[in-house]
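Listed below are the residues making up each chain.
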Amino acid sequence: MLVDPSHAELMTKLGVRTSPDVHGCDVVIIGAGPAGLAAAVYAASEGLSTLVLEPAVPGGQAGTSSLIRNYLGFQRGVSGEDLTNRAIEQAWLFGANIVITRAAKLTARGPDRMVRTADGSEVAARAVIIATGVTWRRLGVPTLEALVGACVFYGAAGAEALAMAGRDVFVVGAGNSAGQAAIHLAKYASSVTMVVRGPGLSSSMSGYLITEISKTANIDVRPGTEVIDGAGRSTLQTLTLRDKATGTTQVPAAALFLMIGAEPHTEWLESNVERDGRGFILTGRDLYRAGQPPVGWPLKRPPLLIETSMPGVFAAGDVRHRSMKQLVAVKAVPCRQSHRHGENDAANPDHPPVNGLVSVPGTAALAPVPDWRPVTRPAARPCSWAGPGTRARPARRPASARTCARRYQASASGRSC
Ligand SMILES: Cc1cc2nc3c(=O)[nH]c(=O)nc-3n(C[C@H](O)[C@H](O)[C@H](O)COP(=O)(O)OP(=O)(O)OC[C@H]3O[C@@H](n4cnc5c(N)ncnc54)[C@H](O)[C@@H]3O)c2cc1C
């Protein structure tokens, strides 16, 4: 019996690996949200030995969504749980290994990128993808927290906008993401009310957004106001607002979008991976200052599209500076940039190419597997630097027996489970 077990103890009892059993592999992916899982599918499908680190339940934010409507191939939507299970299975079938642990440190050692995990293990990788996502700041109103997903959303305005047609919706926040959300929602909703705690938008929002909001007839801005409560049986129905000047009122509300700040999971990184003022990871062109690559950039080529200031370390998904905070932006596809990655790095023998590694956001989908032939997971590719006699053992199968009945498209073997 376990009394108040830690996450790791619980996972160990469930038979899930909580410590990497290899010392090296081609790619370490940090985070198993949609971006990390997509990267895992494409890295492993390219034959790269792939290790995914995730401290919680894989799926990230999307895994908590009851219905994702804007995902390619799911015309009637898909639950976050279902999408996650499919993605895990797909990555697993291609040979990716998922370990339930947190990445705690990232350093460069010659050509290797060294990832230390929370339990002190260290894995050398030829490349690393950071896909650690964000946490949305919470409003802290229990009645509204209970309705999250039931017309109360943290972020997700882009995905939910169509469903808001003809409804009266509220956006809390005064930053650019709140402004963008309000403008987008106003295209569909009957009315959008922006609830702003401070005296106005000017200190926190870009001028062009403020202008656009002022020109949009169905957006109303309520400065000096807070959401203090809400109610609804199965979905949100009313909000209680406290206006500093006029007091408390209850208003009908079909949906509430909370955009009070996203905090990236990058606190564990050191200064060798450059970030913006809010902690989001800078990549590609965003690393340039006055036309110059980041200080200490060792290569002749510029950083690739989603490459960070540490060559061979990439960032994907919400954790990237200026990301869209939507699934569509975090899906990844491998593109054979390895030759680019390689040829330009010839000047730097410390940084050899990694075939098929680089992920580009926004182009591919995790499609459902089309038919039901039994499948067998191919042997995982041995990790190249795992030490004498060490092989990457296939991870314990994470999904149900149902997974056996799905066809592994790339497998021509036809062997059964
Ligand atoms: C309720 C909800 C509903 C949504 N619905 C939609 C929708 O319908 N359509 C849409 O387009 N978008 C939707 N979104 C947004 C979408 O889910 C996110 O854009 C997407 O999940 C971002 O993916 P990500 O992999 O970048 O990050 P995340 O999903 O945040 O995943 C990051 C993962 O990294 C892990 N991690 C963090 N730190 C570490 C570490 N140190 N080491 C290892 N792992 C770490 C976390 O545990 C997490 O699992 C929704 C979001 C929410 C919250």
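Right above here is the structure, for reference.
1. Things to note about the overall build of the protein chain
Piece 1. Along its length, the protein chain carries nine helices and 19 strands.
Piece 2. Here the protein chain holds 417 residues, and 49% of them are scored as buried.
Piece 3. Restricting to contacts in the protein chain with at least 6 residues of sequence separation, those with at least 24 account for 65%.
Piece 4. Of the roughly 19100 Å² that the protein chain leaves accessible, carbon and sulfur atoms contribute 53%.

2. What to know about the pattern of salt bridges
Piece 1. Applying the stated criterion across every chain yields a total of 12 salt bridges.
Piece 2. Residue Arg 126 pairs with Asp 26 through a salt bridge whose shortest N-O separation is 3.1 Å. Of this pair, Arg 126 sits in strand 6 (residues 122-130) while Asp 26 is found in strand 1 (residues 24-30), placing the two residues 100 residues apart along the sequence.
Piece 3. With relative accessibility at 22%, the residue Arg 126 sits in the partly exposed group.
Piece 4. Measuring nitrogen to oxygen at the nearest pair gives 3.7 Å for the salt bridge that ties Arg 116 to Glu 122.
Piece 5. Residue classification places Arg 116 among the partly exposed residues on the basis of a relative accessible area of 34%.
Piece 6. Judged by relative accessible area, which is 26%, Glu 122 ranks as partly exposed.

3. Observations concerning the site of the ligand
Piece 1. Around the ligand, the structure places 32 residues, and the nearest of them are Glu 54, Gln 61, Asn 70, Asp 318 and Leu 327.
Piece 2. At 3.3 Å, a backbone N or O of Pro 34 approaches an oxygen atom of the ligand.
Piece 3. Counting only elements with at least two residues in the shell around the ligand, the list comes to helix 2 (34-45) and helix 8 (327-330).
Piece 4. When its residues are assigned to classes, the shell around the ligand shows 16 nonpolar, 12 polar and four charged.

4. Section: the sheet that holds strand 10 (residues 191-195)
Piece 1. Here we have five strands laid out as an open sheet, ordered 8-15-9-10-11, and parallel in their pairing. Lying at the two open borders of the sheet, with one neighbouring strand each, are strand 8 (152-154) and strand 11 (219-222). The sheet shows a mean angle of 20° between the axes of neighbouring strands, direction not considered.
Piece 2. Where helix 6 (residues 176-186) meets the sheet, its contacts fall on strand 9 (168-172), strand 10, strand 11 and strand 15 (255-258), and the angle it forms with strand 10 comes to roughly 165°.

How each quantity is defined
- Residues numbered from 1 in each chain as written.
- Predicted model: local features only at pLDDT ≥ 70, side-chain atom pairs only at ≥ 80, totals over all residues.
- Heavy atoms only, no water.
- Helix = DSSP H or I, 4+ residues; strand = E, 2+ residues; numbered from the N terminus.
- Buried < 20%, exposed > 50% of the residue type's maximum accessible area, 1.4 Å probe, protein only.
- Contact = heavy atoms within 4.5 Å.
- Areas by Shrake-Rupley, 256 points an atom, 1.4 Å probe, with all protein chains shown as cover.
- Salt bridge = Lys/Arg side-chain N within 4 Å of Asp/Glu carboxyl O.
- Near = heavy atom within 4 Å.
- Polar contact = N/O pair within 3.5 Å; in protein donor to acceptor, adjacent residues only side chain to side chain.
- Nonpolar A, V, L, I, M, F, W, Y, C, P; charged D, E, K, R; others polar.
- Pairing = 2+ DSSP bridges.
- Axes fitted to C-alpha atoms, helices over the stretch in contact; angles between N-to-C directions.

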